[in-house]
Amino acid sequence: MFDLRELYQEVILDHSKSPRNYGRPANANCQAHGDNPLCGDRLTVYLNVQDGVVKEIAFEGSGCAISMASASLMTEAVRGKTEVEARGLFKRFHSLVTEAEPADADDTGALDKLTVFAGVREFPIRVKCATLPWHTFTGALDRRVDMISTE
Amino acid sequence: MSATADVLRSSRNGPETAAFDVWRVREDFPILKQKIYDRPLVFLDSAASAQKPRVVIEAIRYRYAAEYANIHRGVYYLSQRTTQAFEDARTKVQRFLNAREAREIVFVRGATEAINLVAQSYGRTFFGEGDEIVLSTMEHHSNIVPWQMLREQKGVVLRVAPINDAGELLLEEYEKLLGPKTKLVAITHCSNALGTITPLPEVIRLAHDRGIRVLVDGCQAVPHLKVDVQELDCDFYVFSGHKLYGPSGIGVLYGKAELLEAMPPYQGGGEMIISVTFEKTEYNAIPYKFEAGTPHITGAIGLGTAIDYVTALGTERIAAHEQAVLAHATERLKEINSLRLIGTAEHKVSILSFTINDVHPHDVGTILDREGIAVRAGHHCAQPVMERFGAPATVRASFGLYNTTEEADVLVTGIRKVLEIFG
Ligand SMILES: Cc1ncc(COP(=O)(O)O)c(C=O)c1O
């Protein structure tokens, strides 16, 4: 049971049962939709980005506990961060959930609460559940960049 | 001494009289002995693909090690022996389904290819704009998408027969869908997501009364039920070998001879021709007309052995054992208040689909996996029926001939662990 508790930590269960920043903010200026057909996880991430800063972030969707908790904790982690900081955080998060020895293990402080997802590493097929919200988030950022570049 | 050999010996007294000893039978399946995360494997996903008995593994090994060559081509010994074994397998399938003739049995890759073959060969030739095909809500995607592709090509119309809250076909509603434009009913024998057994005799009679052809998807039926295509009088019957304890990559299309003869080839190539010049090609007779290219030779032979295996155990005795396990598992799952069974038809094969409160099926699957229990979590390639029950995904435990009531109890213990963690 030890390894399962490692995956399903209290923080994860709490966020999956009562996700933070759930909904669609009125002032969203970009969004993206993400699907994980294997699990049936699906979510939409809404952003309000101004001057390269994530001012507002929220999400809607449904899925397994890992994906919902990851989305919820992600919204808390990236709100108020610059785009560059947020993308850097995803990089570290990705390494946390996929690599036996995360690239910058000494720097996990920056991941803060997100370190509760370290257990996902032991469950390779669940990695996508944890990273889907982040891929969707960066997808929303990319799309906005596209929009800007075509203007 | 394997259980089959035992059964074969005792079959002198009639196989139906000997008791079904599941512990003996389990000895025939090498894979079941292993531990997963230090716990005995509890394999409850045979509806996705069944495990293989030693005789099947051995038949394939023997074929490659001792007696292998391409078929229908060589004048030499090994080719003749292999051809003989391949055609014997066809005869075994014919007897298994009680088809009239062996030439009514076409070897294909699986049920999916069989349905695509009928859609592209029969459907594309004989159906036109506005012709209707009736399906049911319970179809696997492989009995939906090929017809949608035909809709793109020929403008046929798809109509869907609904089910009730137990997951049973609504026969009156089904009958209402059968009209002058209906050309085909394509329906599952048993639902892979719910376990429901379709009342085929009525379904087929209602269609035939109106001159409508019927294709039956038998994937989930052949491992559990005695199937007699002449008694059913269906026009096409399809199934996959890998769910019947045989190899993957081999499956069967049964079609009435007169229908197969009227149909154009599905694919072109070797084996399906009598003579080829650049001006004109003369097609081979059925079933070879539909078997272009070198087939899955050892797959067909392995499937023949799998059929020998289940036949020796006795289809009725397998069914009785599985129904006992199903009844026990159903009772035990009903003890869990937060569990919702999806698919509660009166007549079912040994498949149990369920959801647990707000716990996502994939979380359930992960937790059960750590208990050594293999279940399927997801939409089971049957999204329309999932939607019908408002559950985008379920956990599915399916029981094969080697599963025990004790394993059903392990499942219940596993589910209690899920509830403990998700509290
Ligand atoms: C009812 C049913 N039909 C069709 C199929 C498709 O079988 P295959 O993937 O072997 O072609 C399946 C397998 O999942 C099934 O359960």
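These lines cover the structure that appears in this document, whether it is placed above or below. (Residues numbered from 1 in each chain as written. Chains lettered and ligands numbered in written order. Predicted model: local features only at pLDDT ≥ 70, side-chain atom pairs only at ≥ 80, totals over all residues. Heavy atoms only, no water.)

A word on the overall build of chain B
Each helix and strand in chain B was counted, giving 15 helices and 17 strands. Against the compact-globule benchmark of 22 Å for 423 residues, chain B has a radius of gyration of 22 Å, which places it among compact chains. Dimensions of chain B along its principal axes, counting C-alpha atoms only, are 75 × 55 × 40 Å. Across the 423 residues that make up chain B, the buried fraction comes to 57%. (Helix = DSSP H or I, 4+ residues; strand = E, 2+ residues; numbered from the N terminus. Rg over C-alpha atoms; globule rule 2.2 N^0.38 Å. Buried < 20%, exposed > 50% of the residue type's maximum accessible area, 1.4 Å probe, protein only.)

Notes on the packing of aromatic side chains
This model, assessed by the stated rule, comprises 16 aromatic pairs over all chains. Here Y122(B) and F126(B) contribute two aromatic rings whose centre-to-centre distance is 5.0 Å and whose plane-to-plane angle is 50°, an arrangement assigned as tilted. Remark: F126(B) and Y122(B) occur in helix α5 (residues 111–126); sequence separation between them is four residues, near one turn of the helix. Owing to a relative accessible area of 36%, F126(B) belongs among the partly exposed residues under this scheme. Each residue in the set F90(A), F93(A), F117(A), W134(A) and F137(A) is aromatic and connected to the rest through ring pairs, giving one cluster. Lying over the aromatic face of Y37(B), R370(B) brings its terminal NZ or CZ to 4.2 Å of the ring centre. (Phe/Tyr/Trp six-rings, centres within 6.5 Å; stacked < 30°, edge-to-face > 60°. Lys NZ or Arg CZ within 6 Å of the ring centre and 35° of its normal.)

Re the layout of surface pockets
Take a probe with the size of a water molecule and roll it over the atoms, and the empty space left behind shows itself. Here the largest pocket is characterised by a volume of approximately 900 Å³. Taken together, 35 residues form the lining of the largest pocket, with S62(A), G63(A), H360(B), P361(B) and P392(B) sitting closest to its centre. Elements with a minimum of two residues in the lining of the largest pocket: α2 (10–17), β1 (30–36), β3 (53–62) and α3 (65–78) of chain A together with α13 (361–370), α14 (383–388) and α15 (405–422) of chain B. For the lining of the largest pocket, the leading source of residues is α14(B), giving three residues. (1 Å grid on protein atoms, 1.4 Å probe; cavity = no way out; pocket = protein on both sides within 12 Å on 5 of 7 lines; lining within 4 Å. Points joined across faces, edges and corners; volume = space filled by probe spheres on them.)

Observations concerning the site of the ligand
All names here are of chain B. The full set of residues close to the ligand is A111, T112, H140, S142, T188, N192, D217, C219, Q220, S240, H242 and K243. Take T112: an N or O atom from its side chain is 2.5 Å from an oxygen atom of the ligand. Within the side chain of D217, an N or O atom sits 2.5 Å from a nitrogen atom of the ligand. Bound to the protein, the ligand loses 84% of the 390 Å² it would expose on its own. Across the shell around the ligand, the residue classes break down as two nonpolar, eight polar and two charged. (Near = heavy atom within 4 Å. Polar contact = N/O pair within 3.5 Å; in protein donor to acceptor, adjacent residues only side chain to side chain. Areas by Shrake-Rupley, 256 points an atom, 1.4 Å probe, with all protein chains shown as cover. Nonpolar A, V, L, I, M, F, W, Y, C, P; charged D, E, K, R; others polar.)

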